[in-house]
Amino acid sequence: MAHHQEQDNVVLLDFWPSSYAMRVKIALAVKGLAYECKQEDLQAKSSMLLEKNPVHKMIPVMIHNGNPICESLNIVQYIDETWNHEPLLLPSDPYQRSQVRFWGDYIDNNVYRIGKKVWTMKGKEQEEGKKEFIECLKRLEGQLGEKAYFGGEKLGYVDVALVPFTSWFYTYETFGNLSIEGECPKLVAWAKRCMESQSVAKSLPHPHKVHEFAIQFKKRNALE
Ligand code: GS8
């Protein structure tokens with residue numbers, strides 16, 4: 001049931017470099033909700049995480065008045081339905097809703113997985129990853145078309161699903177030796193437009209901080 005109460009208690013089990021967790025932060029910011037952020041150590045997961053997401057044991061998990069909600073896009077949809085006031089992230093028309101969920105799913109099946117090849121792999125695998133990654137971004141750029149946002153005139157569900165990955169663009173570019181702006185100028189212009197929204201800007205870490213994290217991650221995992 002939709003409601004908006006003073007006593008709403010929202011806790012986010014977070015891992016700051018995670019694009020999935022950033023989605024939830026953007027959606028909460030868009031709705032003007034206060035929340036408590038708990039950083040997880042994914043090498044030593046808290047008992048709270050294991051209890052609240054026993055199936056996947058992954059962040060993000062949002063805990064609303066004690067009730068856990070898992071899977072980032074499922075959480076974004078829950079937020080939009082629970083605090084169902086403007087600005088709305090999903091369209092109300094069932095067909096339009098099906099379309100935004102389709103693109104959310106496309107992003108989930110591709111961007112992280114392919115992007116990881118670009119920043120963690122070497123040689124032939126990395127080259128293949130780069131090609132696939134640019135193809136994926138061009139596909140998304142085509143879907144954006146001439147619109148200001150994937151949601152049309154304003155930021156919507158697909159924007160929230162995708163924009164966190166732009167905080168990783170510098171990392172993909174540096175490790176992959178590629179120019180995303182050169183390949184997908186309209187997508188980069190869209191990313192900059194999204195960053196004009198405070199809800200987005202305050203939810204995304206600085207690209208250099210992400211890059212620093214990626215360097216440490218590769219060292220730790222002997223990928224260097
Ligand atoms: C993916 C979350 C995820 O990959 C979602 O919420 O949308 N489909 C999920 N979480 C990662 C960190 S970000 O890469 C995670 O929690 N990994 C811990 C693990 O795999 O043990």
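What counts, and at which threshold
Residues numbered from 1 in each chain as written. Predicted model: local features only at pLDDT ≥ 70, side-chain atom pairs only at ≥ 80, totals over all residues. Heavy atoms only, no water. Near = heavy atom within 4 Å. Polar contact = N/O pair within 3.5 Å; in protein donor to acceptor, adjacent residues only side chain to side chain. Areas by Shrake-Rupley, 256 points an atom, 1.4 Å probe, with all protein chains shown as cover. Nonpolar A, V, L, I, M, F, W, Y, C, P; charged D, E, K, R; others polar. Domains from an automatic or database assignment. Contact = heavy atoms within 4.5 Å. Buried area = accessible area lost by both parts, 1.4 Å probe. Salt bridge = Lys/Arg side-chain N within 4 Å of Asp/Glu carboxyl O. Helix = DSSP H or I, 4+ residues; strand = E, 2+ residues; numbered from the N terminus. Phe/Tyr/Trp six-rings, centres within 6.5 Å; stacked < 30°, edge-to-face > 60°. Buried < 20%, exposed > 50% of the residue type's maximum accessible area, 1.4 Å probe, protein only. Lys NZ or Arg CZ within 6 Å of the ring centre and 35° of its normal.

Visitor: Just checking my understanding: could you explain the site of the ligand for this structure?
Guide: Neighbouring the ligand are Ser18, Tyr20, Leu42, Lys45, Met58, Ile59, Pro60, Glu71, Ser72 and Tyr112. Contact distances for the ligand include 2.7 Å between a nitrogen atom and a side-chain N or O atom of Glu71. At a separation of 2.6 Å, an oxygen atom of the ligand approaches a polar side-chain atom of Ser72. Protein chains shield 76% of the accessible area of the ligand, which is 530 Å² for the free molecule. Partitioned by chemical class, the residues of the shell around the ligand number six nonpolar, two polar and two charged.

Visitor: Help me out: how do you make sense of the domain arrangement of the chain in this one?
Guide: A common way to state how big an interface is: give the accessible area lost once the parts meet. Taken as a whole, the chain is organised into domain 1 (5-82) and domain 2 (94-220). Here domain 1 and domain 2 have C-alpha centroids that lie 21 Å from each other. In this assembly, 15 residues from domain 1 lie in contact with 24 residues from domain 2. Buried surface at the junction of domain 1 and domain 2, both sides included, amounts to about 1800 Å², of which 67% is carbon and sulfur. When residues of domain 1 are sorted by the area they lose upon contact with domain 2, Trp16, Ile26 and Leu73 head the list and together hold 32% of the total. Put simply, domain 1 and domain 2 have two salt bridges between them. One salt bridge connects Asp108 with Arg23, and the closest N-O pair in it is separated by 2.8 Å. Our count for the domain 1 to domain 2 interface comes out at four residue pairs in polar contact (both at pLDDT 80 or more). Listed by contribution, the elements that provide at least two residues to the side of domain 1 that touches domain 2 are helix H1 (19-30) and helix H3 (72-82). Here the element with the most residues in the side of domain 1 that touches domain 2 is H1; it accounts for eight residues.

Visitor: Could you clarify how one ought to interpret the packing of aromatic side chains in this entry?
Guide: Between two aromatic rings, the relevant description is the distance of the centres plus the angle of the planes. Tallied over the full model, the rule gives 16 aromatic pairs. Between Trp168 and Tyr172 the ring centres are 6.4 Å apart and the planes differ by 35 degrees, which places this aromatic pair in the tilted class. The class for Tyr172 is buried, based on a relative accessible area of 2%. Joined through ring pairs, the aromatic side chains of Phe15, Trp16, Trp119, Phe133, Trp168, Phe169, Tyr172, Phe175, Phe213 and Phe217 make up one cluster. If you follow Lys209 out to its NZ or CZ, it ends over the ring of Trp16, 4.2 Å from the centre.

Visitor: Even after reading the chapter, I still don't get the pattern of salt bridges, so can you show me in this structure?
Guide: For side chains bearing opposite charge, pairing can occur when the charged atoms are close. The final tally for this structure, using the stated rule, is 13 salt bridges. Here Lys117 and Glu132 are joined by a salt bridge, their closest N and O atoms 2.7 Å apart. In this pair, Lys117 sits in helix H4 (residues 94-120) while Glu132 sits in helix H5 (residues 123-144), placing the two residues 15 residues apart along the sequence.

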